[in-house]
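Breakdown of the fold
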Amino acid sequence: MRPRRALRLVALTAAATTLAAFVVLNASVHSGVRRQRKKVSSGVGGARNAFSGVDAAGYLSGGRTRDREHDPYAQHAFNVRVANSLQPDRPIPDTRHPRCRGLDFDEEELNTLSVVVTFHNEARSTLLRTLVSILNRTPQDLLEDIVLVDDASDDPSDGLLLAGLPKVRLVRNEQRQGLARSRVRGADSSKGEAIFFLDSHCEVNQGWATPLLDTLRQNPRSLVCPVIDVIDQDTFDYRASGSVLKGGFDWGLHFRWVPLTEEEAATRTDPTSVYRSPVVAGGLFLIAREWWEDLGKYDPGLEVWGAENLEMSLKAWQCGGSVEVAPCSRVGHVFRRRHPYTFPDGNANTYLRNSRRVAEVWLDEFSHFFYETRPSALQQTYGDISGRKALRERLGCQGFSWYLKNIYPDLGAPSKHDLAYGQLQQGNLCLQGAEPPKPHKKAQKRPHQGDKQAGHSGGEAASATVTVQECTSGEGAGQRWGLTQEGSVTQGERCLTVLTSGKRVLLYPCAAGPRQRWQRQGRRLQHIASGLCLDSTNAPDAQALPCRDALYSQQWDFSVELQALPTL
Ligand code: UD2
Ligand code: MN
C-alpha cells in the first residue's frame, strides 16, 4: 500500500541533521532502521520518545520576551509563563478508556497520515509541544508529513526554526489568510492519504492516530474526530474531558457541545465504539484526501476564524458522508476565553459574514431561523457564494430539512409544532417576557388571587411579567415566541396567559388551559376565553383589551411564518 516508505526515511534522516541547534534527537528512532512490526498496538502509539530530551531553550528564548515581562495572558490569552515552563515532551495522563488500550489495528490497512497545523502568532512553547507530541506519539510508518502553515505571524522565525524538525514542512503566508484558507494551503502541500487538522496549541495523546485512521478505513467518507481533552489555560494541567458529548450548534450557528440523545446513549454500550456527531468542533478532525477534494475543501470565502466547522460538517452530512467521534483517540487543546489575535475586519463582522455564507448555502428555507436569532446578519455583506452553490448542485446534496430530520433532530426546529416563530413585533416594539424568578429563591408573592386557575401546580410556578419593549438584536430568549397549532403563544416552557381577574398579560408555565389559548384574527391576537386582544396601548405594560379593527396597538407580526416551511 505504501511503497514510498524507504524513500521517506532517507528524507527524514536528512531533515533531522539540520536540527542540531535546538533539538536533541533520540538516534535509535531516526537511524534509518525500519520498524519490523506489522501490528500496531494502540497502547504503544509507534515511535515514542523520538526526542529523549529537547533543548528548546534557544528556540524559546528567541520568542517574544514581552510574554514573560508583562501580563502572562496578554499575548496568547493563556498563561504563557506556565506554558513556557513545561518541557516540549512532557508526559500527559493517558485519558482513554482502559478498554481502548487493548485494541489492535493493522497498520498495513491504514492510510498514511498528514498533519496540518496552521498558526498565527502562536506561543513558541505551545507550538513546539504540539509538534513534538505528534512526532513522539504517532507511528512513524504512518506519519507522512507535518505541514506547518505560518499564517503571516509577526516573527517569521517562529516557524522557520521549526522547519528542520523531522517530517515538518513549513509554508508561510505573507498575507494573513485566516485559518480556512491556511488549512487548504497546508493540505495542498501535504502528501498523506488522509489529512488531520490540528490547532497550534494541542498535545496528541497515546495511541491517538490509529483509532481515527481505522474509523476512516471503515468509512472513507467520514470526518473523524478525537475526543478533545482540556489543557487548562491557567495551569496547563491536562485533564480528560468528562461526559460523552457530540458537536452541535444553535440557530445562531454558534457551536456547542451537546449530550447524546437518550436513544443514542441507550444504544451505545461499548465505551470504545465510535458515535455520530452533527458537526465537528472545528480544529481537530481526520478526512481522507479524496473526500476532502470531492467536498471542495473549505469555502475559500471564509475569513480569519469561525463557521468553517459548520460548512465542512453540513457539507459532509448533506452530500453523502458523515461526522463521527472515535473515543479511543484523545487530543488535548488549550481552550481560552478570548481570541488572542486581531481580526482585520473586526471579530463580530467576520464571524457573522462567515456564518451567513454557511446559512445561505446550506440552510435552505431554515436560514430564517438564523436571521431571526442573529438579525444583524441581514446587514452583513457576505461576498459571492455562487461557486459554493454550484458545488452543492454538482454533488447532488440533500436539503437541510433532511439533515434536521435524520442527523440533528435534537436541534429542535420550531417548525414541528409552531405556526409562527420569532419576535412578536409591532414596528420596532417587541413583546418581551421577563426572566422567571430563580427556583432557589423564595416563591414570589403572586399578583392575583385567581392565579391557581391558570391551571398549573407547584409553588415554584415561574410566573413573569410581559412588557412591550424596543426590539433587541434578538439574541436573548425574552423576545423569542412561538405560536403553536393548539393556539398557545410560548416562550420556552411558559405560555402567554390572561387571568380572569385582570387584563394583564403574564407568562406562566404552559398547562393547556383556556387562559393560555389565543387565535389569530388577521394581525390581531385574540385571547379566546376573554375575547380580548393583545394590546400595547399602555406600553410598557402588555395588556388584553377589547378588540378593535385596525387599531395599530393590536397589530402584531411574528418575524418567521412557518406554514410555508416543510414539516419534519
Ligand atoms: C475552534 C476550533 C478551531 C476553529 C474555530 C472556528 C477546536 C479545538 N478549535 O476555535 O480549530 O475551528 O473553532 O473557526 O475545535 N489561526 C490562523 N489564522 C488566523 C486565525 C487563527 O492560522 O487568522 C490558527 C490559530 O493559530 C489556531 C487555529 O487557527 O491554531 C484555530 O484558532 P483558535 O485556536 O483561535 O480557535 P479556537 O480553538 O478558539
Ligand atoms: Mn484553538
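Structural data are supplied above this passage.
For the structure given in this document, a descriptive report is provided here. As the structure is a prediction and not an experimental result, all values here were calculated from the model.

1. Details of the overall build of the protein chain
Counting its regular elements, the protein chain contains 15 helices and 26 strands. Residue pairs at least 24 apart in sequence account for 76% of intrachain contacts in the protein chain once pairs closer than 6 positions are excluded. By element, 51% of the accessible surface of the protein chain is carried by carbon and sulfur atoms, the whole surface being about 23900 Å².

2. Quick notes on the state of the cysteines
As used here, a disulfide is simply a covalent bond connecting the sulfur atoms of two cysteines. Applying the stated criterion to the full structure yields 5 disulfides. Put simply, Cys430 and Cys471 are joined by a disulfide, and their sulfur atoms are 2.0 Å apart. A torsion of 95 degrees about the S-S bond marks the disulfide between Cys430 and Cys471 as right-handed. Of this pair, Cys430 sits in strand 16 (residues 429-433) while Cys471 is found in the loop between strand 17 (464-470) and strand 18 (481-484), placing the two residues 41 residues apart along the sequence.

3. Details of the nonpolar core
Counting residues in hydrophobic clusters, the biggest one holds 94 residues, and the most contacted among them are Val115, Leu198, Phe249 and Ile287. Looking at this core, the element that brings in the most residues is helix 5 (residues 124-137), giving 6 residues. Not counting residues up to four positions away in its chain, the partners in contact with Ile287 are Ala194, Ile195, Phe197, Leu216, Ser222, Leu223, Trp292, Leu295 and Met312. Grouped together as the second largest cluster of nonpolar side chains are 21 residues, Leu424, Leu431, Val489 and Trp556 included.

4. What about the coordination of the manganese ion (ligand 2)?
At this site the manganese ion (ligand 2) is bound by Asp199 (OD), His201 (NE2) and His333 (NE2), with donor distances of 2.2 Å. Mapped onto the sequence, the donors of the manganese ion (ligand 2) take the spacing D-x1-H-x131-H. Here Asp199 is found in the loop between strand 6 (194-198) and strand 7 (202-204), whereas its partner His333 is found in strand 14 (residues 322-334), with 134 residues between them in sequence. Both residues of the pair, Asp199 and His333, belong to the buried class.

5. Regarding the site of ligand 1
The environment of ligand 1 is formed by 22 residues, the closest being Arg176, Ser200, Gly306, Glu308 and Tyr341. Here an oxygen atom of ligand 1 sits 2.7 Å away from a polar atom, N or O, in the side chain of Arg176. Interatomic distance of 2.7 Å between a backbone N/O atom of Gly306 and an oxygen atom of ligand 1. Within the complex, the protein chains bury 93% of what would otherwise be the 740 Å² of accessible surface of ligand 1.

6. Observations concerning helix 12 (residues 347-362)
The first and last C-alpha atoms of helix 12 sit 23 Å apart over 16 residues, in line with the 22 Å expected at 1.5 Å per residue. Counting buried residues in helix 12 gives 12 out of 16 residues, a clear majority hidden from the surface. Looking only at helix 12, the buried set comprises Thr350, Tyr351, Leu352, Arg353, Asn354, Ser355, Arg356, Arg357, Val358, Ala359, Val361 and Trp362. Positive phi shows up at Asp364, right after helix 12, with a value of about 50 degrees.

7. Quick word on the side chain of Arg388
In this fold, Arg388 is placed in helix 14 (residues 386-395). Apart from the residues lying within four places of it in its own chain, the contact partners of Arg388 are Leu295, Gly296, Lys297, Tyr298, Asp299, Pro300, Glu311, Lys315 and Val361.

8. Some thoughts on helix 5
Its 14 residues give helix 5 an end-to-end C-alpha distance of 20 Å, which sits within 8% of 20 Å, the value for a rise of 1.5 Å per residue. Counting buried positions along helix 5 gives 14 out of 14 residues, so the element sits mostly inside the fold.

9. Quick look at the layout of surface pockets
A water-sized probe, rolled over the atoms, reveals where empty space remains. Looking at the largest pocket, its volume works out to about 1100 Å³. Forming the walls of the largest pocket are 45 residues, and the residues nearest its centre are Asp199, Trp305, His333, His339 and Tyr341. Among the elements of the structure, strand 3 (113-119), helix 7 (178-188), strand 11 (255-259), helix 11 (308-318) and strand 14 are those that each provide at least two residues to the lining of the largest pocket. Class assignment for the residues of the lining of the largest pocket results in 17 nonpolar, 17 polar and 11 charged.

10. Let's talk about the pattern of salt bridges
Considering all chains together, one arrives at 28 salt bridges under this definition. Arg124 is paired through a salt bridge with Asp155; the nearest N and O atoms lie 3.4 Å apart. Within this pair, whereas Arg124 is found in helix 5, its partner Asp155 is found in the loop between strand 4 (143-151) and helix 6 (157-160), the two being separated by 31 residues in sequence. Between Arg388 and Glu311 there is a salt bridge; the shortest N-O distance is 2.9 Å. One end of the pair, Arg388, is in helix 14; the other, Glu311, is in helix 11, with 77 residues separating them in the sequence. There is no split in this pair, since Arg388 and Glu311 are both buried. Linked through salt bridges whose partners overlap, the residues forming this network are Arg90, Arg129 and Glu203.

11. Overview of the side chain of Arg353
Inspection of the secondary structure puts Arg353 in helix 12. In this structure Arg353 touches Gly301, Glu303, Gln380, Thr381, Tyr382 and Gly383, once residues within four positions along its chain are discounted.

12. Let's talk about the packing of helix 12 against helix 14
For any two helices packed against each other, the geometry comes down to the angle between their axes and how far apart the axes lie. Running from amino to carboxyl end, helix 12 crosses helix 14 at an angle of 35 degrees, the nearest separation of the two axes being 10 Å. For the pair helix 12 and helix 14, the crossing hand works out as right-handed. For the pair formed by helix 12 and helix 14, the contact residues are Glu360, Val361 and Trp362 on the first element and Arg388, Lys389 and Arg392 on the second. Taken together, the residues of the contact of helix 12 with helix 14 break down into 2 nonpolar, no polar and 4 charged.

13. Comments concerning the environment of Gly482
The residue Gly482 is located in strand 18 in this model. Measuring from C-alpha to C-alpha, the distance between Gly482 and Ala420 comes to 5.7 Å, with 62 residues separating the pair along the chain. The residues touching Gly482, leaving out its near neighbours within four places in the chain, are Asp418, Ala420, Tyr421, Ser488, Val489, Thr490 and Phe558.

14. Quick look at the pairing of strand 15 (residues 418-426)
Buried residues dominate strand 15, accounting for 7 of its 9 residues. As defined by bridge partners, strand 15 adjoins strand 18 across 4 bridges and the pair is classed as antiparallel. Paired with Tyr421 across the strands is Gly482, a residue of strand 18. Sheet topology places strand 15 next to strand 16; 2 bridges connect them, and they run antiparallel. Considered in strand 16, the bridge of Gln425 is made with Cys430. Hairpin connection from strand 15 to strand 16: 2 residues lie between these consecutive antiparallel strands, with Gly427 at a positive phi of about 60 degrees.

About the criteria used
Residues numbered from 1 in each chain as written. Chains lettered and ligands numbered in written order. Predicted model: local features only at pLDDT ≥ 70, side-chain atom pairs only at ≥ 80, totals over all residues. Heavy atoms only, no water. Helix = DSSP H or I, 4+ residues; strand = E, 2+ residues; numbered from the N terminus. Contact = heavy atoms within 4.5 Å. Areas by Shrake-Rupley, 256 points an atom, 1.4 Å probe, with all protein chains shown as cover. Disulfide = S-S within 2.5 Å. Core = buried A, V, L, I, M, F, W, Y, C linked by side-chain atoms within 4.5 Å. Buried < 20%, exposed > 50% of the residue type's maximum accessible area, 1.4 Å probe, protein only. Donors = N, O, S within 2.8 Å, 3.2 Å for Na, K, Ca; no water. Near = heavy atom within 4 Å. Polar contact = N/O pair within 3.5 Å; in protein donor to acceptor, adjacent residues only side chain to side chain. Expected span 1.5 Å × (residues − 1). 1 Å grid on protein atoms, 1.4 Å probe; cavity = no way out; pocket = protein on both sides within 12 Å on 5 of 7 lines; lining within 4 Å. Points joined across faces, edges and corners; volume = space filled by probe spheres on them. Nonpolar A, V, L, I, M, F, W, Y, C, P; charged D, E, K, R; others polar. Salt bridge = Lys/Arg side-chain N within 4 Å of Asp/Glu carboxyl O. Axes fitted to C-alpha atoms, helices over the stretch in contact; angles between N-to-C directions. Left-handed = near helix turned anticlockwise from the far one by under 90°. Pairing = 2+ DSSP bridges.

Functional significance is not addressed by these values, which are geometric in nature.
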